[in-house]
Amino acid sequence: MRTTAPRPGPAALNGYGRLLLVAVALIVAVLGSVLAAAAPAGAHAALTGSDPKQGAVVDKAPEQVSLTFSEKVAMSDGSVRVLDPAGKRVDTGKTTDLGSHTYGVKLKPGLPDGTFTVAYQVVSADSHPIAGAFTFSIGAPSATKVTLPDQDVGGGLVGTLYDIARYVAYAGFTVVVGGAAFVLGCWQRGAGVRPLQRLVVGGWLALTGATLVTLLLRAPYTGSGKLGDAFDLAKLGDVLQTKTGAALVSRLLLLAAAALFIAVLFGAYERREDAKEKRDLAFGLAIGGGVVATGVAATWALAEHASTGIQAGIAMPVDVLHLLAVAAWLGGLAALLLCLYRAPDIDAAAVRRFSRVAFVSVVALAATGLYQSWRQVGSWTALVETGYGQLLLVKIGLVAVLVGVASVSRRWTMRIAGEAGGMAPEAAAATVVEQRTSTKKKKPVAVAHSSKTGVSAAVDTADGKASGGKGGGPSGGKGGGSGSKSGGDKADAGKGTGNGGKASGAKASGAKGSGTKAADGKATDGKEPGAKAPGQDKRAAQLARQQAAMDTARQKRIRDADPHRSGLRRSVFAEAGVAVVVLAVTTLLTSTEPGRTEEEAKNASNTSAQQPAGPVKANFPFDTGGKDGKGAVRLELTPGRTGSNDLHVYATRPNGSAFDLPEVKVSFTLKAKDVGPLPVAPDRIATGHWSASGVQVPMAGKWQVKLTVRTSDIDQVTLDKNVQIG
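**Q** Please clarify how the overall build of the protein should be interpreted in this entry.
**A** Across its full length, the protein holds 16 helices and 20 strands. For the protein, buried positions account for 45% of its 726 residues. When contacts within the protein are restricted to residue pairs at least 6 apart in sequence, those whose partners lie at least 24 apart make up 68%. A total of about 35400 Å² of accessible surface is found on the protein, and carbon and sulfur atoms cover 59% of it.

Next up, the structure:
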């Protein structure tokens, strides 16, 4: 029996309204703080100086090595390592904050002459990991056998767990937003359906849990790669100071407001009986829920690809719209699939409404996806030749399949609506079942059960009398099965057992207070009218189980009776399967380097040639994607051998004139020996000309030269080319 709570009056409604207003105010405040924190910021922290300086040759060994960065960084013991020419550590391992963004590490006494390598790995204030190395020499430069081990930044077990958490977060967001939208926009009676409630609550739990895991894993993900660092409170505090940390905390606050929304949706809203009050509350829930969903989507847009690169001001709201469209379509699809299997009373009108919502969502996805593809890929070549472009093509193909399956579902929906005549699909199917049952024209039967022998037997009631005679039938022989006599005579077993009715044993048509006769033929004490016969509770329980089994079988027959409904279930199930893969590919895309920069690096690698010993020259055509963002850079390294070198960088526009770029950075990496990257910050000496002296190349080999060019405050590109040095 379902207990209905008393309908709240206007005062209670006003209380809920005030609660929703407070929640909306909290959401607006949180969004304001996030947007303020997302204001354009400078580049990542960079090494601006060191003592000894990069490439310097000192007469005697220093007592410590100090590094100065452009902004405060998170640094722990072991973040800076100093290696001698043989690759052995010569520092004490303890770093010290010297103030003014300068950090130092003490060196051991008695160091030999030769070239020393300083390797560092820190986390900047905006949560990006920074790793690099440079060299200095004591006495004179020498060969070095330094091998820098892989720090496993962003990879390994921590990287895998981090990626899984991100996927679960996307899936949870899709389910909770899409499921709630399905209830409010398509099937409001679904607020009282328990499986649908569990789906939405499960999505909220998944999103909240994944966000917490992501926040905890952020420190090891951008740092040491050790899972134990996830529980380091000091490192967690450093993460909270970054843009990503602020976005994750904001998401948790918004999810607290979402919990209130879910509680009202499946609590007060579901219990409303007055139509006007229910409409008013639905309107408030739609506004509040829309603000919460937009805020949660913005926590992704403000911390990932959309917040950087060209047209970030347009890309972020477009990304929010893209995420909401995905949630409305795929999350609503999950809700519909669940209702088709677990909520038999869903009506055809709800399915039609979701079909319209899905169509609008697909249009929004196509428009926003087209813009994002242009922004991140940049060219047709990058679409087919870069990893990002290939993943994007896979996603486009999957979405095309998804749309095709959705069109099949839409046709099933129209057939159900056309043949149901406005009835719910279950009602139409029930009619089919009843018609099929009536055509069989079976004789009505009753079930006689003996509590003594434990045997049940069917008895014929066509003539109004039990075929079991005096021994096995009801007392007096006049009752029989249900409806056995037009006068409505009552049998000992109540209203008959043939239709699953209740057995009372309180009244018999052939007895006058002397007692009643049980199913096994024995008389019971009739002194207390209405008293239960021995074993009657057990019999009633058995009948209840039989009735439940019959009801379950009938529900299954009803579900299987309508081929259109079965077809819709199959097509929606196929949609949901493809949607899971689409979400996985989307998660991979958000962690993949955009194709625009990857294409430039690949083109540069294809045109590179192995340079002989002597001056090294390399050309880097670039396009940052912004206004006045095209040009070319020529790099010259002289004499192009191990030891000290002079570096010259020349930038020109497409017309050949000098290009005065705001920033140029160069680094060298010898991947075969795990050396580097060794950063170089050349000084501007003339328009379009930068130079750096004393650039140390510790050993000969095929070095990767990476060049970063910035043409505006937000437009930059990184290119690389392999050259032979020494």
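Still more ground to cover, so stick around.
**Q** How do you make sense of the packing of helix H3 (residues 194–222) against helix H8 (residues 312–342) when you look at a structure like this?
**A** A pair of packed helices can be characterised by two numbers: the angle between their axes and the separation between those axes. Taken N-terminus to C-terminus, the directions of H3 and H8 make an angle of 150°; their axes are 9 Å apart at the nearest point. Judged by the inter-axis angle, H3 sits roughly antiparallel to H8. Relative to H8, the crossing made by H3 is right-handed. Along its contact with H3, which presents Pro195, Leu196, Arg198 and Leu199, the element H8 presents Ala334, Ala335, Leu338, Cys339 and Arg342.

**Q** Is there a simple way to think about the sheet that holds strand S20 (residues 716–725) in this case?
**A** Two modes of strand pairing occur in sheets, parallel and antiparallel, and in both the strands are linked by backbone hydrogen bonds. Taken together, four strands build an open sheet; the order of strands is S16-S15-S19-S20 and the sheet is antiparallel. What marks the edges here is a single partner per strand, and that holds for strand S16 (675–680) and S20. Along the sheet, successive strands turn relative to each other by an average axial angle of 20°, direction set aside. In this sheet, S16 lies alongside strand S15 (residues 663–670) in antiparallel orientation, the contact comprising four bridges. Its bridge partner being in S16, Phe668 is matched across the sheet by Leu678.

**Q** Teacher, can you tell me more about the pattern of salt bridges here?
**A** All chains considered together, the criterion is met by nine salt bridges. As a salt-bridge pair, Asp713 and Arg710 come within 3.9 Å of each other at their nearest N and O atoms. By relative accessible area, Asp713 is classed as exposed at 71%. The network of salt bridges with shared partners includes Glu663, Arg710 and Asp713.

**Q** Got a minute to help me understand the nonpolar core in this structure?
**A** Nonpolar side chains in soluble globular proteins generally cluster together in the buried interior. If you look at the biggest cluster of nonpolar residues, it comprises 75 residues, and the most contacted ones within it are Phe173, Phe182 and Leu265. A total of 16 residues in this core trace back to one element, the largest contributor, which is H8. Among residues more than four places away in sequence, those in contact with Leu265 are Ala180, Val183, Leu184, Ala191, Glu270 and Leu285. One finds Phe620, Ala651, Phe668 and Val709 within the second-largest nonpolar core, a separate group that totals 34 residues.

**Q** Would you mind going over the packing of aromatic side chains with me for this structure?
**A** In this description, an aromatic ring pair is defined by two values, namely the gap between the centres and the angle between the planes. What the rule picks out here adds up to nine aromatic pairs. Seen in terms of ring centroids, Phe116 and Phe136 are 5.7 Å apart; in terms of plane orientation they differ by 15°. Their pairing is stacked. Here the residue Phe116 occupies a position in strand S8 (residues 114–124), and Phe136 occupies one in strand S9 (residues 129–138), the gap between them amounting to 20 residues. Phe136 matches Phe116 in its accessibility class, with the two residues each being buried. Taking 5.9 Å as the distance between ring centres and 65° as the angle between the ring planes, the aromatic pair formed by Phe182 and Phe354 counts as edge-to-face. Here Phe354 lies in helix H9 (residues 348–377) and Phe182 lies in helix H2 (residues 156–185), a separation of 172 residues in the sequence.

**Q** Please explain the pairing of strand S12 (residues 616–623) as it appears in this structure.
**A** Side chains of S12 alternate between two faces, with Val616, Ala618, Phe620 and Phe622 buried and Lys617, Asn619, Pro621 and Asp623 left unburied. Direction of pairing for S12 relative to strand S13 (residues 630–638): antiparallel, over a ladder of eight bridges. Looking at S13, one finds that Ala618 is bridged to Leu635. Hairpin connection between S12 and S13: a loop of six residues separates the two successive antiparallel strands, and Gly625 in this loop has a positive phi of roughly 90°.

**Q** Help me out: how do you make sense of unusual backbone geometry in this one?
**A** Apart from glycine, the bulk of residues carry a negative phi angle, and the bulk of peptide bonds sit in the trans form. For the peptide bond that leads from Asp51 to Pro52, omega is 0°, which places it in the cis range. As for its placement among the helices and strands, Pro52 is situated in the loop between strand S1 (47–51) and strand S2 (57–58). With a phi close to 55°, Asp628 is a non-glycine residue in the positive phi region. Within the fold, Asp628 resides in the loop between S12 and S13.

**Q** What's the story with the sheet that holds S13 in this structure? I'm lost.
**A** In spatial order, the strands read S12-S13-S14-S18-S17; together these five strands make up an open sheet with antiparallel pairing. The sheet is open, and its two borders are formed by S12 and strand S17 (683–686), each paired with just one other strand. Looking at each pair of strands side by side, their axes are set apart by 25° on average, direction ignored. Here seven bridges tie strand S14 (residues 643–652) to strand S18 (residues 689–697), and the two strands are oriented antiparallel to one another. Bridge pairing links Gly643 to Val697 in S18.

**Q** What is the right way to look at the confidence of the model for the protein in this model?
**A** The predicted coordinates of low-pLDDT regions are not to be read in fine detail. Per-residue pLDDT for the protein has a mean of 73; in total, 68% of the residues score no lower than 70. Low pLDDT, under 50, characterises residues 420–425; the stretch is placed with 15 contacts to residues that sit more than four places away or in other chains. Segment residues 447–528: pLDDT under 50, and 96 contacts once partners within four positions in sequence are set aside and those in other chains are kept.

**Q** Would you mind going over the side chain of Lys395 with me for this structure?
**A** Relative to the helices and strands, Lys395 resides in helix H11 (residues 387–420). Despite its burial, Lys395 pairs with no opposite charge; the closest candidate is Asp319, at 8.0 Å N-O. Dropping the residues within four chain positions of it, Lys395 is found in contact with His322, Val585, Thr586 and Leu589.

**Q** Help me out: how do you make sense of the environment of Gly288 in this one?
**A** Assignment of secondary structure puts Gly288 in helix H7 (residues 275–301). Taking relative accessible area as the criterion, Gly288 reaches 8% and is therefore assigned buried.

**Q** Just to check I follow, could you spell out the packing of helix H5 (residues 243–266) against H7 for this structure?
**A** Between H5 and H7, the shortest axis-to-axis distance is 9 Å and the interhelical angle comes to 160°. Relative to H7, the element H5 lies roughly antiparallel. In this structure, the crossing between H5 and H7 has a hand that is left-handed. Where H5 abuts H7, its residues Ala247, Ser250, Arg251, Leu254, Ala257, Ala258, Phe261, Val264 and Leu265 lie against Leu281, Leu285, Gly289, Val292, Gly295, Val296, Thr299 and Trp300. Of the residues contributing to the contact of H5 with H7, the split by class is 12 nonpolar, four polar and one charged.

What counts and what doesn't
Residues numbered from 1 in each chain as written. Predicted model: local features only at pLDDT ≥ 70, side-chain atom pairs only at ≥ 80, totals over all residues. Heavy atoms only, no water. Helix = DSSP H or I, 4+ residues; strand = E, 2+ residues; numbered from the N terminus. Buried < 20%, exposed > 50% of the residue type's maximum accessible area, 1.4 Å probe, protein only. Contact = heavy atoms within 4.5 Å. Areas by Shrake-Rupley, 256 points an atom, 1.4 Å probe, with all protein chains shown as cover. Axes fitted to C-alpha atoms, helices over the stretch in contact; angles between N-to-C directions. Parallel < 35°, antiparallel > 145°, perpendicular 65-115°, else oblique. Left-handed = near helix turned anticlockwise from the far one by under 90°. Pairing = 2+ DSSP bridges. Salt bridge = Lys/Arg side-chain N within 4 Å of Asp/Glu carboxyl O. Core = buried A, V, L, I, M, F, W, Y, C linked by side-chain atoms within 4.5 Å. Phe/Tyr/Trp six-rings, centres within 6.5 Å; stacked < 30°, edge-to-face > 60°. pLDDT = per-residue confidence, 0-100. Lys, Arg positive; Asp, Glu negative; His and termini not counted. Nonpolar A, V, L, I, M, F, W, Y, C, P; charged D, E, K, R; others polar.

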